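# Summary of structural features
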Amino acid sequence: MTLSTNWGVIATWRMAWEGVGEAAQMLQENSDASGAAVRAVTCVEDYPFYKSVGYGGLPNEQGVVELDAAFMDGSTLAIGAVASLRDIANPVLVAQALSRERFNSFMVGEGAQTWALAQGFERKNMLTDRAHQHYLKRKRETLDRGLSPYTGHDTVGVITLDHNQQMCVATSTSGLFMKRPGRVGDSPVSGSGFYADSQIGAATATGLGEDLMKGCISYEIVCRMGRGMSPQQAAESAVYDLESQLIARFGRAGDLSVVCMNNRGEYGAATTIDNFSFSVATPAQKPTVFLTTREGKHTLIRPADQAWLDAYLQRVTAEVII
């Protein structure tokens, strides 16, 4: 079989940049989309300064870290997912393993943890001292005063395309900061937080899961690409159509951001917020962080400059003052 010269990787947020770089190297060396997607996500899960994913992720309202993750193979449509998973080092690896199961491929809570441990996945206390300090600070500022505590809900979602035109997508998050125990957002839910079809393309979302799920946003974007839209057109039209519907019918709309890629390696992004970033690499594009600006029903994209990148690192590693 002749290998395509196309490959690509795109991910939500600056926090995925290092993982995108590793995935890009793997894809250049003819690794498959599956391994590259999972590797990119584990890079984020393992970094303790990212507050919304994996080790160092922020806890629920009881101070317990509950993690959600998913994996989808766009060639077979196999899906694996976990939700409200506690004390397992890399939830995305568990999700990938579950995608190989014919039954029981989406597991939650204690059942997911029991299965993961039985399969040999690493048990690890995922609450870091830093995350606990963030929790104490937020609790004092909100819950202790009878105020709503909800803030922070960034998911890492990674899409990969390999030389065989196989596409995969993987997600991971600690979910809404200060959520109720057992709350699950869009990230592990097929069609909402992610979707991949190697015959068309893939999409993944980040933002307020309760609202992203109202539009099955990732599946909708892939469908629109399948009907002939470019990735950018599909992303923008799906996001702003959902926002309009939510405002008209639900009365309000939370943060909605997406990235997508078709099976030719063309990509797009759309957002309703001012500070959305994403990371991408293709044969024509070295691993790069892009920033977005909303202009009406369009999302403008520009590379992040060094000043922004330096400020970002200072912000995520800054001391927590409680």
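Here, every reference points to the structure presented above.
So, here is what we can say about the structure in this document. (Residues numbered from 1 in each chain as written. Predicted model: local features only at pLDDT ≥ 70, side-chain atom pairs only at ≥ 80, totals over all residues. Heavy atoms only, no water.)

## Section: the overall build of the protein
Rules: Here a strand is any run of E in DSSP of at least two residues, a helix any run of H or I of at least four, and the numbering for each starts at the N terminus. To get the radius of gyration, use the C-alpha atoms; to get the globule rule, take the number of residues to the power 0.38 and multiply by 2.2 Å. Burial classification: accessible surface area is computed with a 1.4 Å probe over protein chains only, and a residue below 20% of its type maximum counts as buried, one above 50% as exposed, and the rest as partly exposed. Residues counted as positive are Lys and Arg, residues counted as negative are Asp and Glu, and His and the chain ends are not counted. To locate a charge, take atom NZ for lysine, CZ for arginine, CG for aspartate or CD for glutamate.
Check the secondary structure of the protein and you find nine helices and 13 strands. Its C-alpha atoms give the protein a radius of gyration of 18 Å, within 12% of the compact-globule value 20 Å for 322 residues. For the protein, the spread of C-alpha atoms along the principal axes amounts to about 60 × 50 × 40 Å. Within the protein, the fraction of its 322 residues that count as buried is 55%. Where the 28 positive side-chain charges of the protein centre and where its 34 negative ones centre are 5 Å apart.

## A closer look at the sheet that holds strand β7 (residues 194–197)
Selection criterion: By the convention used here, strands pair only if DSSP detects at least 2 bridges between them. Lines fitted to C-alpha atoms define the axes, with helix axes restricted to the stretch in contact, and inter-axis angles between N-to-C directions lie between 0 and 180 degrees. Only heavy atoms enter the contact rule, under which two residues are in contact if any of them lie within 4.5 Å.
Pairing is antiparallel across the open sheet formed by four strands, whose spatial order is β7-β8-β9-β10. In this open sheet, the two edge strands, each paired with only one partner strand, are β7 and β10 (267–271). Here the average twist between neighbouring strands, direction ignored, is 10°. Two strands pair when backbone bridges link them, and strand β8 (residues 201–207) and strand β9 (residues 256–262) are joined in this way by seven bridges, in the antiparallel orientation. Pairing of T204 across the sheet is with V259, part of β9. Strands in contact with helix α7 (residues 217–226) are β7, β8 and β9; relative to β8, the strand with the most contacts, it is inclined by about 145°.

## Structural notes on the packing of helix α1 (residues 17–28) against helix α2 (residues 33–45)
Stated precisely, the cut-off is as follows: Here is the rule for angles: anything less than 35 degrees is roughly parallel, anything more than 145 is roughly antiparallel, 65 through 115 is roughly perpendicular, and the remaining ranges are oblique. Rotating anticlockwise by less than a right angle from the far helix to the near helix defines a left-handed crossing, while the corresponding clockwise rotation defines a right-handed one. By the convention adopted, Pro, Cys, Tyr, Trp, Phe, Met, Ile, Leu, Val and Ala count as nonpolar, Lys, Arg, Asp and Glu as charged, and the other residues, Gly among them, as polar.
Their axes nearest at 8 Å, the elements α1 and α2 cross at an angle of 160°. On the basis of their axis angle, the class for α1 and α2 is roughly antiparallel. Once α1 is placed against α2, the crossing between them reads as right-handed. Touching G19, V20, E22, A23, M26 and L27 of α1 are A33, G35, A36, R39, A40 and C43, all from α2. Each residue belonging to the contact of α1 with α2 can be placed in one class, and the counts come to eight nonpolar, two polar and two charged.

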